[in-house]
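# A structural walkthrough
The primary structure of each chain is shown beneath.
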Amino acid sequence: MASGTLPPFPTKLFINNQYVDSASPVRLTVVNPYNETPIPYEAHAASASDVDAAVAAAKTAYKTSWASFSPAQRRACMLKFADLVERDAERLAILESLPTGKPVTPTMQFDIAHMVEVWRYYAGWTDKISGESYPESNGVYKIVRHEPLGVCAGIASWNATFMYIGWKIAPAVAAGNCFIFKPSEKSPFGTLALGALFAEAGFPPGVVQILNGGAEAGAALAGHMDIAKISFTGSLGGGKAVQEAATKSNLKKVTLELGGKSPAVVFADAEVERALGGVCGFLFNSGQVCVATSRVLVQKPLFEKFTQGLKSAFEQTSSTLGADPLDKNVSYGPIVDKAQFDKIMSYIAIGKQTATLLTGGERKGDKGFFIKPTIFVNPDPESPIVKEEIFGPVMVVQTFETEEEAIALANASVYGLAASVYTSNIDRALRVSSALECGGVAVNSPFLPQVNTAFGGIKASGKGRELGIYGLLEYTEAKSVHITLDVPKL
């Protein structure tokens, strides 16, 4: 696709259903990771005063226009928004691809399609947020209501922006809240383009607002006294900062999704081709996926056959690297930026000192941030490539002999987001799934988010849940109402 055919780039903040200049002169500049050329558009960066303006607009909308919308009206806005996203899917995918390197076709087929599914799912919940009632006793009738929180906010990482827009904003507005969303400074344009679609879908001014920005904007949201809930997806360090700011401000509710070092446990009785196909799904988005199974544990009898299959698949993927992500036939793109590229290459250097390199381990080409899919085997168990989240196309393969050893290795991580178990023995699948310390387990497939089941982690992977009714209730507060009845005297 030629640069002259690119869609218009939105660059301003979206506040009160209008694109407006930021109060700060700071602008965000990004580089195309495919060819390392600057993108000739600068996004406005929100300051603390811009956050204040967005919060004020959201408070007004929450108490007036949005409060007057019936559940059916909220549902109509949400369904209309989903339709508009489908209409503009290609434009949105291009705007997201240019600064991140995510190929447009997978972005449309997975990220945007999933976001649309999530919005339609939560649209169906607008009139189904029920409460509870309890039998009268001692003259008191008791009911519990699930009420909206008010003004909520979300901060998201760059690797799956559209998915996070679904997970964070859709349940919030379905429950009757207003929302302020800050995308990563690495991927500002696709999210901003949604602003006009919210307005076109009929959302009143102030209900959904979009603020680009860096650490200053994120800190202002997390520490704002009039924001009742914040949902953060990103690094462990960033999550701790959000939690601390939330605690020091108004003890706002917090949901954190902070990445992982997810294991795939492959037993000797697994269907090999199916297991290989599932494990190689790790390379989606060049391994820049929080649930990616970057640690593969293989039972010893299957080790040689399985690792050779992995090597072949990784090298096939490597042969396709280097093409323009805007090409609709491209499936694998570059690393998001030089900082992340350098970080991954530093881990590869460590891996070469602490493990056996099976394939990859180097840059591909001399233009763009492309890294050949990399596999290390038999690592030092204490090596950073085993312990730390790399967030790139670097896989570590370890062996085990017994089920107990596999569980111990899988759980030997500070993270606990997701895992996969490959076996033909259903009893083993259930036992191991129960024993793994993580928020989600898939049997004989990669773990992928589903709209109606809870998504989130334990340990250092975070707290709280997104998706399903679990994600919806994160945006409500339970209120107990006790009604004293006049009990007739006998």
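Residues numbered from 1 in each chain as written. Predicted model: local features only at pLDDT ≥ 70, side-chain atom pairs only at ≥ 80, totals over all residues. Heavy atoms only, no water.

## Some thoughts on a nonpolar patch on the surface
Quick reminder of the rule: Without a salt bridge and with relative accessible area above 30%, a residue can belong to a patch; like charges are then joined within 9 Å and nonpolar side chains (Val, Leu, Ile, Met, Phe, Trp, Tyr) within 5 Å. Accessible areas in this description were obtained via Shrake-Rupley with a 1.4 Å probe; residue shielding takes into account the shown protein chains only. A carboxyl oxygen of Asp or Glu within 4 Å of a side-chain nitrogen of Lys or Arg is what we treat as a salt bridge. Helix numbering and strand numbering both begin at the N terminus, where a helix is a DSSP run of H or I of at least 4 residues and a strand a DSSP run of E of at least 2. The classification of residues rests on relative accessible area computed with a 1.4 Å probe and restricted to protein chains. Under 20% of the type maximum is buried, over 50% is exposed, and intermediate values are partly exposed.
A surface patch of nonpolar side chains, about 230 Å² in accessible area, is lined by Tyr-141, Ile-483 and Leu-485. Turning to its location among the elements, Ile-483 is positioned in strand E24 (residues 476-484). In this structure Ile-483 comes out as partly exposed when scored by relative accessible area, which is 35%.

## Quick word on helix H14 (residues 403-411)
Going by this rule: An arc is given here, and it is the one of the directions from the helix axis to the C-beta atoms. For this analysis, residues touch if any pair of their heavy atoms sits within 4.5 Å.
Inspection of H14 places Glu-403, Ala-406, Ile-407, Ala-410 and Asn-411 among the buried residues, and these make up the whole buried set. The buried residues of H14 occupy an angular sector of 120 degrees when the element is viewed end-on, so they sit on one face. Looking at the buried positions of H14, the neighbouring elements they touch are strand E14 (263-266), strand E15 (295-299), strand E18 (394-400), helix H15 (426-435) and strand E22 (458-459).

## Some points on the sheet that holds E24
Applied cut-off: Strands qualify as paired when DSSP identifies two bridges or more between them. Between the N-to-C directions of two axes lies an angle of 0 to 180 degrees, each axis being a line fitted to C-alpha atoms and, for a helix, fitted only over the stretch in contact.
Overall, antiparallel pairing links the 3 strands, which are arranged E7-E8-E24 in an open sheet. The sheet terminates laterally at strand E7 (132-137) and E24, the two strands that pair on one side only. Geometrically, the sheet is characterised by an average inter-axis angle of 20 degrees between neighbouring strands, direction not taken into account.

## Quick word on the sheet that holds strand E17 (residues 374-377)
Strand pairing in a sheet relies on backbone hydrogen bonds, with the paired strands running either antiparallel or parallel. Reading across from one edge, E16-E17-E18-E15-E14-E20-E21 is the order of the 7 strands in this open sheet, with mixed pairing throughout. In this open sheet, the two strands that pair with only one neighbour each are strand E16 (356-359) and strand E21 (440-443). Neighbour-to-neighbour, the strand axes of the sheet open up by a mean angle of 25 degrees, direction not taken into account. Examined bridge by bridge, strand E20 (residues 418-422) and E21 share 4 bridges and lie parallel to one another. From the neighbouring strand, Val-421 faces E21, where its bridge partner is Val-443.

## Concerning the side chain of Lys-182
In plain terms, the rule: Polar contacts, as counted here, are pairs of nitrogen or oxygen atoms within 3.5 Å of one another; within protein the pair requires one atom able to donate a hydrogen and one able to accept it, and residues that are adjacent in sequence qualify only if both atoms are side-chain atoms.
Along the chain, the position of Lys-182 falls in strand E10 (residues 178-182). Lys-182 gets classed as buried once you look at its relative accessible area, which sits at 4%. Among the polar contacts listed, one links the side chain of Lys-182 to the backbone oxygen of Gly-213, at a separation of 2.8 Å. Excluding anything up to four places from it in sequence, Lys-182 contacts Gly-154, Ile-155, Ala-156, Leu-211, Asn-212, Gly-213, Gly-214, Ala-217, Gly-218 and Leu-221.

## Some points on the packing of aromatic side chains
Filter applied, for reference: The rule is short: rings of Phe, Tyr and Trp, with Trp giving its six-membered ring, pair when the centres are within 6.5 Å, and they are stacked under 30 degrees, edge-to-face over 60, tilted in between.
Inspection of the entire model under this criterion finds 21 aromatic pairs. Note on Phe-81 and Trp-119: the rings are 4.6 Å apart at their centroids and 55 degrees apart in plane angle, and the pair reads as tilted. One end of the pair, Phe-81, is in helix H3 (residues 71-87); the other, Trp-119, is in helix H5 (residues 104-123), and 38 residues separate them in sequence. Of the two residues examined, Phe-81 and Trp-119, each falls in the buried class. Note on Phe-81 and Phe-198: the rings are 4.1 Å apart at their centroids and 5 degrees apart in plane angle, and the pair reads as stacked. One end of the pair, Phe-81, is in helix H3; the other, Phe-198, is in helix H7 (residues 189-200), with 117 residues separating them in the sequence. Every member of this aromatic cluster is reached through a ring pair, and the members are Trp-66, Phe-69, Phe-81, Trp-119, Phe-198 and Phe-203.

## Observations concerning the packing of helix H6 (residues 161-174) against H7
For clarity, the cut-off: Should an angle fall under 35 degrees it is taken as roughly parallel, and over 145 as roughly antiparallel, whereas 65 to 115 is taken as roughly perpendicular and any remaining angle as oblique. Left-handed describes a crossing whose near helix is turned anticlockwise from the far helix through less than a right angle; right-handed describes the clockwise counterpart. Side-chain classes follow a simple rule in which Ala, Val, Leu, Ile, Met, Phe, Trp, Tyr, Cys and Pro form the nonpolar group, Asp, Glu, Lys and Arg form the charged group, and the remainder, Gly included, forms the polar group.
Relative to each other, H6 and H7 sit at 45 degrees, their axes nearing to 10 Å. The angle between the axes of H6 and H7 places the two elements in the oblique class. Both H6 and H7 take part in a crossing whose hand is right-handed. Contacts between H6 and H7 pair Thr-161, Phe-162, Ile-165 and Ile-169 from the former with Gly-190, Thr-191, Leu-194 and Phe-198 from the latter. Tallied by class, the residues present in the contact of H6 with H7 amount to 5 nonpolar, 3 polar and no charged.

## Describing the pairing of strand E8 (residues 140-148)
Where E7 meets E8, 4 bridges bridge the pair, whose relative direction is antiparallel. Counted as the bridge partner of Ser-137 is Val-140 from E8. Hairpin remark: E7 followed by E8, antiparallel, with 2 residues in the connecting loop; positive phi at Asn-138, about 55 degrees. Across 9 bridges, E8 lies against E24 in antiparallel orientation. Its bridge partner lying in E24, Lys-142 is registered against His-482.

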